[in-house]
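For reference, the chains in residue letters:
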Amino acid sequence: MIELHDRIAGFIGRGALLTALVACTRSAEPTPVTPVLVGSLNAANPVSEGLPARIPAQFPAGWPYPSGGSGTFAEHAMVASNSRLASDAGVEILRQGGNAVDAAVAVGFALAVTLPEAGNIGGGGYMVIRLADGRSAAIDYREMAPAAASRDMYVDSAGHVTRASIVGRAASGVPGAVAGLTAVLARYGTMPLPKVMIPAIRMASEGIVVDSQLIRSVHGKESLIRQFAGADVFLPGGKQLQLGSRLVQPELAETLRLIAREGAAGFYQGRVAQQIVAEMERGCPPNVAPRQRAAHACGLITARDLEQYQPAWRTPVSSTYRHYSLMSMPPSSSGGVTLIETLNILEPFAALPQFGSANYFHLVASAFQRAFIDRNAKLADPAFVSVPVDQLTSKAYAQELQKTIPPDHATPTTTLLAAAKEGNETTPYVVVDSQGNAVATTTTLNSLYGSGVYVRGAGFFLNDEMDDFASQPGTPNQFGLVQGENNAIAPGKRMLSAMTPTIVLDPEGRVLLVLGARGGPRIITSVAQVIINVIDNRMSLSDAMSAPRIHHQSLPDTLRYDRGGLDSAAIRRLQEMGYRLAPQSLDEAKVSAILRVRGGFIGMDDPRSSGAAVGY
Ligand code: DON
């Protein structure tokens, strides 16, 4: 009985337990607890195996996301993504007996249909996998610079960086998504490709219902979309899509069918490859020299680039944080290393100050600031640059950095840079299955709708990932990141990413938390803060995701905070400490996460997002 009480208390919290017991004693028959009831109450107050009891979070007055909210509870398996329809697609596959990898691949292709701003087959991403038998893996299907790319291709004759790395045909790296998803399915999936692609193909050919989020999203990027062939699909007749109408994408459906039939070859060879190459040439004057192509708005991707694209299998970068184990994405993403470096800097503090206090944000921001200095200078594609992963993720190195944090004032980035001398659009999704496998993925086109270029006849947007390189080392990119020589453009090189798909294990080695985020460099700081909220601040998953976040990327030397997320006392005190503060819009970064709790999982898409967690 004690065990039963404990379990019920875990599910429904003390107040609800009392109410339930009163209800039980009043009725002659015990009231059966329906799965829906259990789910929603459990979500409000989850008890996670492997974590101490949760503490209700306090957010500043006026903060739009209340504490004490709930995620989605499911007993067996869960998918969380920025699109409810894509999460549904994953659950469809899980219910048919697919494992987390099968479901993740289904979600990846579904997002290309349901979330055109970010989901893609014209971009790339990363996936971290933890299998029930203890094995782990990571796959890097990041875009690569085409063979014709060159270091200064986005610098004009006056020495200024142009916008050709962001908008138009020259902005795209060679897409990696299809190669990555098909490779991961072949190695760790259990279902054939055509089967996991059924939901995506169905939604592309039969259509999806246009909701207000899609209309808002297209409206926000109307001037970009209008410049290219995607306007025919997303602004039909020059007008906004109609709320409640069906968006059918027959060309995309045909491309997906081809991939389902032929695998990666259906994308990297044959008709689709020819359509991508034709898109690169559209409007391009004849005989433009490779170095001049960006200046003439000509694309660089050739049939050979496509044919040669290969994803890279990597060993996840791993570490511990306060007895929990972490595995995350190694370079070519900076995500895992920067996350681990940040947490290692914070770990020597036996306990962090009270969440919401100036001292708390000072320490967290100082850790980000130091980790980003290393990120921006040292991390890059390991095929081109020797990356000191072991040093940057070592506890000893972090302890040295931790000692440079003064207790009560900010350190200017310039001071730290001098001392260090020696030495837009993305979508995360996470899946857990009933067998204990877990997958964290993040995929991106970079900016919303990527470069804007839509492959005519093939039905998808191409990325603008070339802007993640340092077009001119030392000059900020569209995220304000000031990156160094290591991340300069070179043919065949992968541009440095911030994507941080991450899996946290409890001290017994069981999957505890699976998460990822969108938001450029804020991906790293958002993932880190959700982990800190769960482990240090003992928040429920819902509170951990809803809590106000800060961001510091070393340069610009500004502490950004979610607008409305810091109370006036904290703002005043941080200013006294010497921080330059600036608010950031709440939709800059969005996390998707799943937490294992007693009896199942809690899944949640960021309250800042319109996606959803779905389970069964
Ligand atoms: O790989 C990166 O770091 C960026 N391309 C991610 C861009 C992003 O998250 C934009 N989404 N909000």
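What counts, and where the lines are drawn
Residues numbered from 1 in each chain as written. Predicted model: local features only at pLDDT ≥ 70, side-chain atom pairs only at ≥ 80, totals over all residues. Heavy atoms only, no water. Pairing = 2+ DSSP bridges. Helix = DSSP H or I, 4+ residues; strand = E, 2+ residues; numbered from the N terminus. Buried < 20%, exposed > 50% of the residue type's maximum accessible area, 1.4 Å probe, protein only. Near = heavy atom within 4 Å. Polar contact = N/O pair within 3.5 Å; in protein donor to acceptor, adjacent residues only side chain to side chain. Nonpolar A, V, L, I, M, F, W, Y, C, P; charged D, E, K, R; others polar. Disulfide = S-S within 2.5 Å. 1 Å grid on protein atoms, 1.4 Å probe; cavity = no way out; pocket = protein on both sides within 12 Å on 5 of 7 lines; lining within 4 Å. Points joined across faces, edges and corners; volume = space filled by probe spheres on them.

S.K.: How do you make sense of the sheet that holds strand E18 (residues 581-584) when you look at a structure like this?
M.R.: Backbone hydrogen bonds are what pair the strands of a sheet, in a parallel or an antiparallel way. One open sheet accounts for 3 strands, arranged E16-E17-E18; its pairing is mixed. Looking at strand neighbours, the two that pair on one side only are strand E16 (550-551) and E18, the edges of this open sheet. Both E16 and strand E17 (residues 559-562) contribute to a ladder of 2 bridges, which runs antiparallel. The residue bridging isoleucine 550 from the neighbouring strand is tyrosine 561, located in E17.

S.K.: Just checking my understanding: could you explain unusual backbone geometry for this structure?
M.R.: Most peptide bonds are trans, and most residues other than glycine sit at a negative phi. With omega at 25°, the peptide bond leading from proline 331 into serine 332 counts as cis. Take serine 332: it is sitting in the loop between strand E9 (324-328) and helix H15 (335-346). Cis geometry marks the peptide bond from leucine 555 to proline 556; its omega dihedral reads -5°. Backbone geometry places asparagine 446, a non-glycine residue, at a positive phi of 80°. Owing to a relative accessible area of 2%, asparagine 446 belongs among the buried residues under this scheme. Positive phi, normally seen in glycine, also occurs at arginine 538, with a value near 55°. Here arginine 538 is to be found in the loop between helix H20 (522-535) and helix H21 (541-546). Given a relative accessible area of 29%, arginine 538 falls into the partly exposed group.

S.K.: What is the right way to look at the site of the ligand in this model?
M.R.: Not every one of the 16 residues close to the ligand is listed here, only the nearest: Thr426, Glu465, Asp468, Ser497 and Gly520. Within the side chain of serine 497, a nitrogen or oxygen atom sits 2.7 Å from an oxygen atom of the ligand. Across the shell around the ligand, the residue classes tally to 4 nonpolar, 7 polar and 5 charged.

S.K.: Can you walk me through the state of the cysteines in this structure?
M.R.: A disulfide bridge is the covalent bond that connects two cysteines by way of their sulfur atoms. Across all of its chains, the model carries 1 disulfide by this definition. Paired through a disulfide, cysteine 284 and cysteine 298 show a sulfur-sulfur distance of 2.1 Å. Between cysteine 284 and cysteine 298, the S-S dihedral sits near 90°, and the bridge is therefore right-handed. Taken together, the residues span a long stretch of sequence, with cysteine 284 in the loop between helix H13 (270-281) and helix H14 (303-308) and cysteine 298 in the loop between H13 and H14 at a distance of 14 residues. Cysteine 284 sits in the buried class, given a relative accessible area of 14%.

S.K.: Quick question: what am I supposed to make of empty space enclosed by the protein here?
M.R.: Picture a little ball the size of a water molecule; that probe, rolled over the atoms, points out where space is still empty. Space inside the second largest cavity adds up to approximately 70 Å³. If you trace the second largest cavity, you find 13 residues lining it, with Ala112, Pro116, Gly119, Phe460 and Phe461 closest to the centre. Grouping the amino acids of the lining of the second largest cavity by side-chain chemistry returns 9 nonpolar, 4 polar and no charged.

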